[in-house]
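# Residue-level structure breakdown
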Amino acid sequence: MNDTERAMRANPRADGGSTRSGLATVHHALDRLVAERGLNDAALVLDVPGLGRQVLHAGRRPLRDDDAGLLTRAPGLYLDPADEGGNDPLVEELMVTIGELGLTSDLALAASDLTFGR
């Protein structure tokens, strides 16, 4: 763990967490999961009303050719490498919830900005 990661752990809001977008919060959570577990990647597959199917990768990497077939998988958390014992159901549920809340929050904020001309 480097000095920045130690500082973030000691003060989780040091990176502007109170003002970052919902999407940035989701990517931050994916990045932390990858760092904490020593993974190559973590991806969330979400079905969000008003946005449809969304696939979010740690590091904000684009989907590209979808070699892992994430667009056809059920909503959930997908890890690379996959945990030998399977995903922790609580972590998966929390990550999906963070993803859905983050994206719907950004969508509501954008709609509000359009409505009120902000």
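A few words on the overall build of the protein chain. A tally of helices and strands in the protein chain yields three helices and three strands. Evaluated residue by residue, the protein chain yields a buried proportion of 28% over its 118 residues. Taking the contacts inside the protein chain whose residues are at least 6 apart along the sequence as the reference set, 56% of them involve residues at least 24 apart. Counting every atom, the protein chain has about 7,500 Å² of accessible surface; 54% of that belongs to carbon and sulfur.

Turning next to the confidence of the model for the protein chain. A residue-level look at the protein chain finds 75% of positions with pLDDT of 70 or above and a mean pLDDT of 81. Confidence drops under pLDDT 50 across residues 6-17; counting only partners more than four residues distant or on other chains, this segment forms nine contacts.

A few words on the sheet that holds strand β1 (residues 41-48). The three strands are arranged β2-β1-β3 in an open sheet whose pairing can be described as antiparallel. Both edges of this open sheet fall to β2 (52-57) and β3 (76-80), since each of them pairs with a single strand only. Going across the sheet, the axis of each strand differs from the next one's by a mean of 15°, ignoring polarity. Bridge analysis of β1 against β2 gives six bridges, and the strand direction is antiparallel.

A few words on the environment of Arg53. By secondary structure assignment, the location of Arg53 is in strand β2. In the structure, Arg53 is positioned 18 residues away from Leu71 in sequence and 7.4 Å away in space, judged by C-alpha atoms. Those residues within four positions of Arg53 in sequence are excluded, and the remaining contacts are Val45, Leu46, Asp47, Leu70, Leu71, Thr72, Arg73 and Pro75. A polar contact of 2.7 Å, which involves the side chain of Arg53, links it to the side chain of Asp47. Here Leu71 takes part through its backbone oxygen, which lies 2.9 Å from a polar atom of the side chain of Arg53.

What counts, and where the lines are drawn
Residues numbered from 1 in each chain as written. Predicted model: local features only at pLDDT ≥ 70, side-chain atom pairs only at ≥ 80, totals over all residues. Heavy atoms only, no water. Helix = DSSP H or I, 4+ residues; strand = E, 2+ residues; numbered from the N terminus. Buried < 20%, exposed > 50% of the residue type's maximum accessible area, 1.4 Å probe, protein only. Contact = heavy atoms within 4.5 Å. Areas by Shrake-Rupley, 256 points an atom, 1.4 Å probe, with all protein chains shown as cover. pLDDT = per-residue confidence, 0-100. Pairing = 2+ DSSP bridges. Axes fitted to C-alpha atoms, helices over the stretch in contact; angles between N-to-C directions. Polar contact = N/O pair within 3.5 Å; in protein donor to acceptor, adjacent residues only side chain to side chain.

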